[in-house]
Amino acid sequence: MRLNLTINGNALSYDAAPGDSLLSVLRKLGYYGVKHGCETGECGACAVLLDSKPVNSCVHLAAQADGHQIETIESLGEYPEQGWKTTAGLHPLQAAFVESGAIQCGYCTPAMILAASELLSNEPNPTEYQVREALSGVLCRCTGYLKPVQAVLRAAAVLRGEEVEPIGTSIPVPPGWIPGENELGKPEDEIFSPNEQPIPPGSVVTPMRVMPRIQMAPETETWHHVGKPEIKVDAIKLVQGKPAFAADFEKRGMLIAKVLHSPMAHARIKRIDVTRARNLEGVAAVLTWQDIPRVVYSTAGQSDPIPGPLDSFSLDHKVRFVGDRVAFVAAENEEIALKALELIEVEYEPLQELFDPERAMQPGAVIIHDETEYVNFAESDPTKNLAAQIRIDIGNVDKGFAEADRIIEGYYDVPKVQQVHIEPHVVITYWDEDDRLVIRTSTQVPFHVRRQLAPVLGLPIKRIRVIKPRIGGGFGGKQEVLIEDVAAHLTIATGRPVIYEYTREEEFIAARSRHPMRIHLKTGIKQDGTITANAMYTLSDTGAYGCHALTVTGNTGHKGMALYVGDGPYRKAPNIRFYADIVYTNHPPAGAYRGYGVPQGFWALERHMEKIARELGLDPIDFRLKNALRTGELHPFSTAWSEGREPRPETIETCGLEECVRQGRAAIGWDQKFGSPAWRLGAGQPHLRRGIGVALVMQGTAIPYLDMGSASIKMNDDGSFNLLVGATDLGTGSDTVLAQMAAEVLGVPVQDILVYSSDTDFTPFDKGAYASSTTYISGTAVVRAAEQVADRIRARAARIINKQAMGEQINPEDIALIDRQAIAPDGSRISLSEIGHDAFHRVDQEQIMGIGSYVSPVAPPPFAAQFAEVTVDIETGQVVVDKLVMAVDSGVIVNPITASGQIEGGMTQALGYAVCEEMVYDQAGRARERNLKDYHIFQAHEMPELTTLFIETFEPSHPFGVKAVAEIPIDGVAPAVGNAVFDACGVNVDDNPITPEKAWRAIQQGNLV
Ligand code: FES
Ligand code: FES
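Treat the numbers as computed from the prediction; the structure is a model and nothing was measured.

Here we look at the packing of helix 3 (residues 109-122) against helix 5 (residues 146-159)
Then comes step 1: Packing of helix 3 against helix 5 brings their axes to within 11 Å, and their N-to-C directions diverge by 40°. Compared by their axis directions, helix 3 and helix 5 come out oblique. Classified by chirality, the crossing of helix 5 by helix 3 is right-handed. For the pair formed by helix 3 and helix 5, the contact residues are M112, A116 and L120 on the first element and P148, V152, A155, A156 and L159 on the second.
Then comes step 2: Grouping the constituent residues of the contact of helix 3 with helix 5 by class yields eight nonpolar, no polar and no charged.

What to know about the nonpolar core
Then comes step 1: With 211 residues, the main nonpolar core has F97, L490, Y500, L696, V870, V879 and V977 as its most contacted residues.
Then comes step 2: A per-element tally of this core places helix 16 (residues 598-616) first, with nine residues.
Then comes step 3: Discounting residues that sit within four places of it in the chain, V879 has contacts with V870, T871, V872, V915, V977, V981, I994 and A999.
Then comes step 4: Residues W223, A790, L832 and Y854 belong to the second largest nonpolar core, which totals 51 residues.

A few points about the pattern of salt bridges
Then comes step 1: A full pass over the atoms with the stated rule returns 68 salt bridges.
Then comes step 2: Several salt bridges converge on common partners, so that one network encompasses K232, D234, R470, D729 and D735.

Concerning the packing of aromatic side chains
Then comes step 1: The full count for this structure, using the stated rule, is eleven aromatic pairs.
Then comes step 2: Considering the side-chain rings of F249 and Y430, the 5.8 Å spacing of their centres and the 20° angle between planes classify their relative orientation as stacked. Residue F249 is located in the loop between helix 6 (235-239) and strand 8 (255-261), and its partner Y430 is located in strand 16 (residues 426-431); the two are separated by 181 residues in the primary sequence.
Then comes step 3: Between F508 and Y935, the aromatic rings sit 5.2 Å apart at their centres with planes inclined by 50°, giving tilted as the arrangement. A residue pair is termed long-range when its members are at least 10 positions apart, and F508 in helix 13 (residues 504-510) and Y935 in the loop between helix 24 (896-915) and strand 33 (945-951) qualify at 427 residues. Y935 shares its class with F508; the two are buried.
Then comes step 4: By the ring-pair criterion, three or more aromatic residues cluster together here, those being W223, F954 and F960.

Details of the sheet that holds strand 4 (residues 53-56)
Then comes step 1: Taking strand neighbours across the sheet as the criterion, the five strands line up as 2-1-5-3-4 in an open arrangement whose pairing is mixed. At either end of the open sheet lies a strand with only one pairing partner, and these are strand 2 (10-15) and strand 4. Adjacent strand axes in the sheet meet at a mean angle of 40° when their direction is disregarded.
Then comes step 2: Across four bridges, the pairing between strand 3 (residues 47-50) and strand 4 is antiparallel. Bridged to V48 within strand 4 is V55.

Describing helix 25 (residues 973-985)
Then comes step 1: Along its 13 residues, helix 25 runs 18 Å from first to last C-alpha, staying within 8% of the 18 Å computed at 1.5 Å per residue.
Then comes step 2: Buried residues dominate helix 25, accounting for 13 of its 13 residues.
Then comes step 3: Following helix 25 by one or two positions, G986 adopts a phi angle in the positive range, close to 80°.

Regarding the sheet that holds strand 30 (residues 849-855)
Then comes step 1: Strand order in the open sheet formed by four strands is 26-25-24-30, with mixed pairing between adjacent strands. Of all strands in the sheet, those bounded by a partner on one side alone are strand 26 (753-757) and strand 30. Averaged over all pairs of adjacent strands, the angle between their axes in this sheet comes to 20°, without regard to strand direction.
Then comes step 2: One ladder, built from five bridges, connects strand 24 (residues 708-715) with strand 25 (residues 721-725); its direction is antiparallel. For I713, the partnering residue across the bridge sits in strand 25 and is L723.
Then comes step 3: Those strands touched by helix 22 (residues 774-804) are strand 24, strand 25 and strand 30, and its axis lies near 150° from that of strand 30.

Things to note about helix 2 (residues 92-100)
Then comes step 1: Among all positions of helix 2, only L93, Q94, A96, F97, V98 and S100 are buried.
Then comes step 2: On its buried face, helix 2 is in contact with helix 3, helix 5, helix 6 and helix 24.
Then comes step 3: Phi for G101, located one or two positions after helix 2, is positive at around 70°.

Examining the environment of P126
Then comes step 1: Here P126 shows up in the loop between helix 3 and helix 4 (128-135).
Then comes step 2: Among all residues touching P126, those that are not within four sequence positions of it are L119, L120, V131, L153, A156 and R160.

Digging into the state of the cysteines
Then comes step 1: Summed over all chains, the structure comprises zero disulfides.
Then comes step 2: Free cysteine: C985, not disulfide-bonded; nearest cysteine sulfur from C916 at 18 Å.

What to know about the confidence of the model for the chain
Close inspection of predicted coordinates is inappropriate in any region flagged by low pLDDT.
Then comes step 1: Looking at the chain, the pLDDT average stands at 93 and 95% of residues meet or exceed 70.
Then comes step 2: Scored below 50 in pLDDT, residues 182-204 makes 44 contacts in the model with residues more than four places away or belonging to other chains.

Quick notes on the pairing of strand 24
Then comes step 1: Counting buried positions over the eight residues of strand 24 gives six, a clear majority of the element.
Then comes step 2: Of the strand pairs in this sheet, strand 24 and strand 30 are connected by seven bridges, and their pairing is antiparallel. By the bridge assignment, K714 is partnered in strand 30 with M849.

A closer look at the packing of helix 16 against helix 17 (residues 620-627)
Then comes step 1: Their axes nearest at 9 Å, the elements helix 16 and helix 17 cross at an angle of 115°. In terms of orientation, helix 16 and helix 17 fall into the roughly perpendicular class. In the packing of helix 16 onto helix 17, the handedness of the crossing is right-handed. Taking contact as the criterion, the partners of E606, M609, E610, I612 and A613 in helix 16 are, on helix 17, P620, F623 and R624.
Then comes step 2: Partitioning the contact of helix 16 with helix 17 into residue classes produces five nonpolar, no polar and three charged.

A word on the environment of Q94
Then comes step 1: Tracing the backbone through its elements, the reader meets Q94 in helix 2.
Then comes step 2: Q94 sits in the buried class, given a relative accessible area of 0%.
Then comes step 3: The spacing of Q94 and F674 is 580 residues in sequence and 42 Å in space, taken between C-alpha atoms.

Describing the side chain of S262
Then comes step 1: As for its placement among the helices and strands, S262 is situated in the loop between strand 8 and strand 9 (267-273).
Then comes step 2: Judged by relative accessible area, which is 3%, S262 ranks as buried.
Then comes step 3: Engagement of the side chain of S262 in a polar contact is seen with the backbone oxygen of M264, the distance being 2.7 Å.
Then comes step 4: Beyond its immediate chain neighbours, meaning those up to four positions away, S262 contacts V319, F321, V322, G323, D324, V326 and Y348.

Conventions adopted
- Residues numbered from 1 in each chain as written.
- Chains lettered and ligands numbered in written order.
- Predicted model: local features only at pLDDT ≥ 70, side-chain atom pairs only at ≥ 80, totals over all residues.
- Heavy atoms only, no water.
- Axes fitted to C-alpha atoms, helices over the stretch in contact; angles between N-to-C directions.
- Helix = DSSP H or I, 4+ residues; strand = E, 2+ residues; numbered from the N terminus.
- Parallel < 35°, antiparallel > 145°, perpendicular 65-115°, else oblique.
- Left-handed = near helix turned anticlockwise from the far one by under 90°.
- Contact = heavy atoms within 4.5 Å.
- Nonpolar A, V, L, I, M, F, W, Y, C, P; charged D, E, K, R; others polar.
- Core = buried A, V, L, I, M, F, W, Y, C linked by side-chain atoms within 4.5 Å.
- Buried < 20%, exposed > 50% of the residue type's maximum accessible area, 1.4 Å probe, protein only.
- Salt bridge = Lys/Arg side-chain N within 4 Å of Asp/Glu carboxyl O.
- Phe/Tyr/Trp six-rings, centres within 6.5 Å; stacked < 30°, edge-to-face > 60°.
- Pairing = 2+ DSSP bridges.
- Expected span 1.5 Å × (residues − 1).
- Disulfide = S-S within 2.5 Å.
- pLDDT = per-residue confidence, 0-100.
- Polar contact = N/O pair within 3.5 Å; in protein donor to acceptor, adjacent residues only side chain to side chain.

Spelled out as structure tokens, the structure:
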């Protein structure tokens, strides 16, 4: 059917099929700022303005837009500089999103800006509540919505012609600073609490100050670029909706791939007939296990050797979960591909199913992996359904228990939850002009994809090129070689380009998730609160495949159980036990998810510590700090475990935990609220109880002696630099912080560092984005490369200056690089552009370049104190989280805006883990949650107040003193909320999320106070 559309003011005609969605038509027309995040109208990533009203174009037929005006993000703003042409520059909303750090991965950004523009065109002076309502239809998994809200309020002020405060003022606070609670100077009950009551019109309670508070390390005082709120290097393209993501790519003759997923949880494929599918017109290929080589591998994107069993095939004659792969199809369009799936005939021989992890190792349990090709790693044993096993004893745990006055035990459960990156997994594969296979994919681990897929595809590594463009969030879900092989097999089969993009339902039924676990804790304590021994046993359900089984669950103990070593003599000789069994079941496989096993451990540990403190009548904070790890002590697990490799003792050089507690408790008003009946009962109504809770947490920074990052830098003749890194920016801002470090060493603005990342042909190797390692590992590699370049610049500058000068000769080492200049101690100077030009065109010509690599011998932990304030409705069990405060020691903060965005976004993900997110399966192993309506993630209008405090320490193992920041915010929210619920009404919920039903049942059965 012929449609007349007016898009961004341009009238055009388009031939659409009757069922075409507006989303698909707009993308086919090249409006790539319109994103796909689901197919059911729930994520809002596809929002456009139709006759000036926001609509979700995925659930809007193109035919419905016939004769109407459509606006996409491409209608707003222009790149601020276009050579000789004067441009209007960015729209104030786009500029505010860029300046405020409201963009992380940027996948939701176009839709957010369109929603905000519609609001501001009707309401130039919106309240915060109106802004949050306007943004509520667009899900963001990265930001926690705080900075987008600030950006919209800022843009509104600009559009009203008001002066706005520059971003970047008012960060540093002196050591010893205590901010006090409620810095806004407003009465407590005016603080934003959207679930209680709307904000009064005209009020803005989210501070307009974008910068977080930072107690700065003194070493950072003289730096120019590290520690500063530099704008993200990719922000301007993302805010304009430029075609930056994996799917925003055109290739003539591209086929659409689809996968037939198993409806059975455990079965053999007795017969599979694809004749009718292959004969369907428009089908280019149908592949089953009979058509491709049988190569066993692991889908876990990890360095070699992969610390887990090899137990997966691209396609197999057995299925092991509902959602497992049965066949691949490539067709001319999606409709034909889906039709072909229906025409595939499969006869299954059902096998006994195993869903209960407790039964997995019992005699007589059905064996899920009986294939002969299975390759063991360490203690894995498929005959016992054991994907991995861990047995760690530090000190003498039995002696420690014997020395205790009390032994307290508890069981804790954590659910399976989803990463929910708004960009689904997507890959495009094609043969290039040299018949090399190009894989353009939304991955966190491009180099691992290349290495791991080579044998699966029967290609040498040198014939594969993996490109990682911008990624719409990953959170560990894209640390999996999950879909690249599907498209690649189909490109090999057809010779044609292929795109395979998960639907949201596929994300829920076939992608990876957080490992659910049952955790037992047993702790020996002396009457004064000294921990004498601590033991954890974890039963972890890895699902049908053992990807990340060992390492995720290893971290459950390695991080959580390391935090509390005990006091007095136990500090030097702690008694800690961590045992774990990671078992196969017929659930969908678990895998990597931000935090990587650590949130599970801290849910159990920090709920348990709270119970111990309460039972012994100890102050929960004092008790924790009394036993917590301190600077100068050995990381207890470093003597006992290293993800299946040889352990090497490691000393904690920096631990800002006590200061985090001090500042965090002041920020949330702990001393006024904790133990105060007036505050607890003062929520305004008799059925409401307030509570306050705390959790202390630690993470790691990278994987020592294993994961390598590298970088190269070359100088251009205008004094700018190309920085090439294999590191993978998922939206976290890692490209930006790497550029900041290079800029600091080279003495140039960040805008002079042109970053190109993650292309296996052009950038040096990097292990990828996981384990919170990029700023630390890849950052050190960048510094090493930059120092080589700086040395060459200084040498050349000294030669030029010495030639010009008649006096004393200048030593290259004495030259400083500042403000695009090389400056000698006597003040003589030469610009970097002159040096670059000299190097290319004048004397002793050379390409000034540097390359650096780094593997760390240590993994310095960041530490944090997480506080939560809740209101519990004791009649309904509803738990409303009112406030989250996180005080973090992540070493030196390279970019306060991107780093605080990580904390806000991480806390928001963790908030879902605390109160609502959970994946549940029926008795046949079918997922209950298959869309973003049934699986709820927090929206802009549901958020509590978020506060981030950075307590800097200077980690000596990094040139700029950094430690990790990305994962730690996800560790402590759930237990802090659980502890706050206990504080509010005196009942324990030991299995998260704390849904209203669970809280209500606990209240009914418990001793309500
Ligand atoms: S892509 Fe349209 S709402 Fe998700
Ligand atoms: S920035 Fe919103 S989804 Fe990533």
